[in-house]
Amino acid sequence: MTRPNILWISTHDINPHLGTYAGIWPGAEQARTPRLDALAAQGARYDRAYAAAPVCAPSRSAIMTGCHPTSIGTMHMRSNAVLPDEVRLLPEILREAGYYTTNNWFRDFQTEAPGTAFDDDSPAAHWRGRPEGAPFFAAFHGMITHESQVHLDPEALREATPHVAEADRCDPAAVQLPPYHPDTPTFRRAWATYLDLITEMDHQVGAILDQLEEDGLAESTIVVFWSDHGAGFPGHKRWAGEAGLRVPMIIRWPGRLAPGPVTEPVGTYALAPTMLEMCGLDVPAWMQAAPLLDRTGAHRPAPACVPGARDRMDEQEDTVRTVRAGRYRYVRNLHPDRPPMQHCRYPDALPTWAELRELAFAEATQRGAGDAPDRLTPAQRTLVAPRKPAELLFDTDADPHEMHDLAADPRHAEDLQRLRDLLDAHLAEHGDLGAGEEAELLEAWRPGGRIQQVSTPRIDADGTLVCDTPHARIGWTTAPPAADPAPRQSRLMGIASAGAWQLAAAYRGERPVWVRAWRPGYDPSEILHLPGTAAEQDAAQPAHAAQA
C-alpha cells in the first residue's frame, strides 16, 4: 500500500474550547476557531477524548509511546525516565519504516528523545525537507496557549495575538466562568486571554493546513489535532478530573475516515497505535493502547474505560487514579489527607493561583474574627480545601463541572463498584509504578544516584555499527556535530536539538563519519569520529564526552 503522510498539530493546556464543541463542552461557544471547526467538519471529532495525565510531560509520554505513564515510569513531572527495554517512541518506529520524521519544536516526552528519532528536530523542521517520494510524519507543537501566556498584560497579549480581530476578542465581562472559579477581574481577564490565545492558535493551525494544501498533500495526509491536557487554571491542569484531562482531538483522513462525532470516551494515548494501524504497520505487542481506527478508516470498538493518573508534579507530592467509563468518572485519592492545591512554586506565582490563596486567607481571617467566611463559595472552597475525599463519583454528562459527588449516594452504589472494579482491573493488568516510593524507582534506574552513560559505539568486523549498551539507538553523520551538547534539561524538554543523525541500518562505510548512541534515560554516548584516511583512523579517539 502507499503509506499516508501524517501531520500532527498540537497545542498546550486547553480543554475542548473550540467552536465545534459548542453544546458538548461548557463554554466552547465562546471560542472563535473557524479553521479547527472546518477541520472537525471534515474528520472525526472526538467528543470525549482524555489525556493520560493532567500535566504535559507524562501525557506526552503516553501519546508518543502508546503506554500508560504509571506502567512505564513516566508519571512523575519530571523524571528523565529510563524507558522499559522494548518501548520506543512513535517517530522512531515510523522512521525505521521509511518515514521522514520531523518535530517543530517542543518535545517534553518525559525522557530524552534519541537523536535518531527525527530526521529534523528544530524550529525550522518541516515536511518540505523530505526526500522526494518519502512519506512523512511531521509534528508541530505550539506554545501560544500554554498557561504561562494566560496572564499576559493587554499590550503583550496584542503582540502575541496579531491575527485576532477586534470583533473576535473576548470581553472579560462576558466570559462564562466555571462555578469553582471566583468571579473577579483576575479570573475574568485570565479566561478572556485564554480564549483570545485559542483564536490565535486557530490561525496558526490554519497556516499549517494551508501549506499542506499548497503542496497538494491534503488528500494523502492524515491530520491529527490534539491538546496535551486541560486548561492552565486551578481545577484544570494538575487536577485528575474531567477539567484536567478532557481535551479536543480531531482526526482527518480524506477518502477513508467518514466525518462525524465520536461520542465514546477514548484516550490520547491511543494515538501512537492508531497511526501505525492506519499506515499499515504492525502495532508492537508492548503498546498498551489499542488503535481507535483500522487501516480502512473504520472505527474500532472503544475501550471499556479510559484511565488517568496524577503523581508528583514538581514539589507537589500526590497520587490520584481515575477512570472515565460511559457517563461516569471515578476518582481515587490515595492521599486524601493532602490538599488538592498544595504549594507548587511555578503555578503559585500565577495571578489566578495567588488570588485563590488570598481569598482563602481572607476567609481564615474572617473566621479568626468570629465572622462567617464569605469570600468563596462551597464549590470554590473545594480547590483550596485542607483535604479531599478518598474517592469520588460523578455523572459527568449531567454534571460536567463535577460539582455533585455521588460516591455516598446509595442509588449509585452499583456504578461506584463497577468503576472501582474497572480501575482495579486496569492497575492489575498494567501495574502502577507510582504506587511505590519514587526513590526506589530512581535507584533501579540509576544505581547510586548516577545517571548511566551509553557506551561509545564502534564498528564491528563486518562494518556494522554496534554499541555494548543494550537497546541503544545508534546514529551517524558525515557532517561534524556540535562540539558541546545542550544542558540535559533543555534536551529533555526538546528545546535543544541533537542534530541530524542517520539510522545505523543505513550505514555503508562512509568516511569521515561521526557516530553516537542514545538510550532514553541515559546520557548520550561519547562521539566516535572515524576520519577519512587509514592513518587518521588508527589515531582516532572518541571526540568528546556528553556533559550533563
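This is a predicted model, so every value here is computed, not measured.

Enquirer: Help me understand the overall build of the chain, please; the structure alone is not making it clear to me.
Expert: Counting its regular elements, the chain contains 15 helices and 19 strands. The C-alpha atoms of the chain give 24 Å as radius of gyration, which agrees with the globular expectation for 548 residues (24 Å, within 12%). Summarising its shape, the C-alpha atoms of the chain cover approximately 85 × 55 × 50 Å along the three principal directions. The burial tally for the chain puts 57% of its 548 residues in the buried class. Considering only contacts in the chain between residues 6 or more positions apart, those separated by 24 or more positions represent 70%. Of the roughly 21400 Å² of accessible surface on the chain, 52% is carried by carbon and sulfur atoms. Of the side chains in the chain, 51 bear a positive and 74 a negative charge, and the two mean positions are spaced by 1 Å.

Enquirer: Could you clarify how one ought to interpret helix α12 (residues 413-430) in this entry?
Expert: Helical geometry: 3.6 residues make up each α-helical turn, so side chains three or four residues apart lie on a common side. Here α12 is 18 residues long and its end C-alpha atoms lie 26 Å apart, about the 26 Å a rise of 1.5 Å per residue gives. When α12 is considered as a whole, its buried residues turn out to be Asp415, Leu416, Leu419, Leu423, His426, Leu427 and His430. What you see down the axis of α12 is that its buried residues fit within an arc of 105 degrees, all on one side. Relative to its buried face, α12 has exposed residues pointing more than 90 degrees away, namely Glu414, Ala428 and Glu429. Check the buried side of α12 and you find it contacts α3 (69-72), β10 (306-310), β11 (320-325), β12 (328-333) and β13 (391-395). One or two steps after α12, the chain reaches glycine 431, where phi turns positive at roughly 80 degrees.

Enquirer: Would you take a moment to explain the nonpolar core for this structure?
Expert: Among soluble globular proteins, nonpolar side chains are generally buried collectively. Counting residues in each nonpolar core, the largest one holds 51 residues, and the members touching the most others are Trp8, Tyr46, Phe137, Ile251, Leu271 and Met275. Contributions of two or more residues to this core are made by β1 (5-11), β2 (44-50), α2 (56-65), α4 (90-96), β5 (136-141), β6 (221-227), β7 (246-252) and α8 (271-278). If one sorts the elements of this core by residue count, α8 sits on top with 5 residues. By size, the runner-up hydrophobic cluster in this structure holds 39 residues, among which are Ile14, Ala28, Tyr194 and Met201.

Enquirer: Sorry if this is basic, but what is going on with the confidence of the model for the chain here?
Expert: Per-chain confidence: the chain averages 95 in pLDDT, with 97% of residues scoring 70 or above. Counting interchain partners and residues more than four positions distant, the pLDDT-below-50 stretch residues 543-548 has 19 contacts.

Enquirer: Could you clarify how one ought to interpret the side chain of arginine 473 in this entry?
Expert: With respect to the element layout, arginine 473 can be found in strand β16 (residues 473-477). A polar contact is formed between the side chain of arginine 473 and the backbone oxygen of histidine 471, at a distance of 2.9 Å. Each residue touching arginine 473, except ones within four places of it in the same chain, is listed here: Val87, Arg88, Glu92, Pro114, Thr116, Arg516, Ala517, Trp518, Arg519 and Pro520.

Enquirer: Please explain the environment of leucine 18 as it appears in this structure.
Expert: By the element assignment, leucine 18 lies in the loop between β1 and α1 (34-42). Given a relative accessible area of 0%, leucine 18 falls into the buried group. Along the sequence, leucine 18 and lysine 237 sit 219 residues apart, while their C-alpha atoms lie 18 Å from each other. Residues within four places of leucine 18 in sequence aside, it is in contact with Ala28, Ala31, Thr33, Leu36, Asp37, Ile198, Met201, Phe225, Pro248 and Ile250.

Enquirer: Please explain the pairing of β5 as it appears in this structure.
Expert: The side chains of a regular strand alternate, first on one face of the sheet and then on the other. Counting buried positions along β5 gives 6 out of 6 residues, so the element sits mostly inside the fold. A two-sided burial pattern is seen for β5, the buried positions comprising Phe136, Ala138 and Phe140 on one face and Phe137, Ala139 and His141 on the other. Bridge analysis of β1 against β5 gives 5 bridges, and the strand direction is parallel. Residue pairing in the sheet places serine 10 in a bridge with histidine 141 of β5.

Enquirer: Just checking my understanding: could you explain the sheet that holds β16 for this structure?
Expert: Two pairing modes exist for strands in a sheet, parallel and antiparallel, and in both the strands are linked by backbone hydrogen bonds. The strand order β17-β16-β18-β19 describes an open sheet built from 4 strands, whose pairing is antiparallel. For this open sheet the edge positions go to β17 (502-503) and β19 (528-530), each flanked by a neighbour on one side alone. Direction of pairing for strand β18 (residues 513-518) relative to β19: antiparallel, over a ladder of 3 bridges. Bridging from a neighbouring strand, valine 513 pairs with leucine 530 of β19.

Enquirer: Is there a simple way to think about the packing of helix α6 (residues 185-214) against helix α10 (residues 351-368) in this case?
Expert: In a packed pair of helices, the relevant descriptors are the angle between the two axes and the axis-to-axis distance. Relative to each other, α6 and α10 sit at 160 degrees, their axes nearing to 10 Å. Between α6 and α10, the angle is such that the two are roughly antiparallel. As α6 packs across α10, the resulting crossing turns out to be left-handed. Contacts between α6 and α10 pair Thr186, Phe187 and Ala190 from the former with Pro351, Thr352, Glu355 and Leu356 from the latter. Looking at the contact of α6 with α10 residue by residue, the classes come out as 4 nonpolar, 2 polar and 1 charged.

Enquirer: Before we go on, may I ask you to explain the sheet that holds β11 in this structure?
Expert: Here we have 4 strands laid out as an open sheet, ordered β10-β11-β12-β13, and antiparallel in their pairing. The sheet is open, and its two borders are formed by β10 and β13, each paired with just one other strand. Each strand axis lies, on average, 15 degrees off the axis of its neighbour in the sheet, ignoring direction. Looking at chain direction, β12 and β13 are connected through 5 bridges and run antiparallel. Residue pairing across strands places tyrosine 330 opposite leucine 393, the latter belonging to β13. Seen against the sheet, α12 touches β10, β11, β12 and β13 and runs at an angle of roughly 65 degrees to β12.

Enquirer: What is the right way to look at α10 in this model?
Expert: Across its 18 residues, α10 extends 25 Å between first and last C-alpha, which sits within 8% of the 26 Å expected from 1.5 Å per residue. By the burial criterion, the buried members of α10 are Thr352, Trp353, Glu355, Leu356, Leu359, Ala362, Glu363 and Gln366. If you follow the buried residues of α10, they end up packed against α6, α9 (345-348) and α11 (378-381). A positive backbone phi angle near 85 degrees is found at glycine 370, which sits one or two residues after α10.

Enquirer: Any chance you could explain the environment of leucine 157 here in plain terms?
Expert: Here leucine 157 shows up in helix α5 (residues 154-160). Assessed through its relative accessible area of 9%, leucine 157 is described here as buried. What leucine 157 contacts, discounting residues up to four positions off in sequence, is Leu152, Arg169, Thr193, Asp196 and Leu197.

Enquirer: Could you clarify how one ought to interpret the side chain of serine 79 in this entry?
Expert: Relative to the helices and strands, serine 79 is located in the loop between α3 and α4. On the accessibility criterion, serine 79 (10% relative accessible area) is buried. Among the polar contacts listed, one links the side chain of serine 79 to the backbone oxygen of histidine 76, at a separation of 3.5 Å. With residues near it in sequence (within four places) discarded, serine 79 still touches Gly73, Gln110, Arg312, Trp445 and Arg446.

Reading the values: the criteria
Residues numbered from 1 in each chain as written. Predicted model: local features only at pLDDT ≥ 70, side-chain atom pairs only at ≥ 80, totals over all residues. Heavy atoms only, no water. Helix = DSSP H or I, 4+ residues; strand = E, 2+ residues; numbered from the N terminus. Rg over C-alpha atoms; globule rule 2.2 N^0.38 Å. Buried < 20%, exposed > 50% of the residue type's maximum accessible area, 1.4 Å probe, protein only. Contact = heavy atoms within 4.5 Å. Areas by Shrake-Rupley, 256 points an atom, 1.4 Å probe, with all protein chains shown as cover. Lys, Arg positive; Asp, Glu negative; His and termini not counted. Charge placed at Lys NZ, Arg CZ, Asp CG, Glu CD. Expected span 1.5 Å × (residues − 1). Arc of directions from axis to C-beta. Core = buried A, V, L, I, M, F, W, Y, C linked by side-chain atoms within 4.5 Å. pLDDT = per-residue confidence, 0-100. Polar contact = N/O pair within 3.5 Å; in protein donor to acceptor, adjacent residues only side chain to side chain. Pairing = 2+ DSSP bridges. Axes fitted to C-alpha atoms, helices over the stretch in contact; angles between N-to-C directions. Parallel < 35°, antiparallel > 145°, perpendicular 65-115°, else oblique. Left-handed = near helix turned anticlockwise from the far one by under 90°. Nonpolar A, V, L, I, M, F, W, Y, C, P; charged D, E, K, R; others polar.

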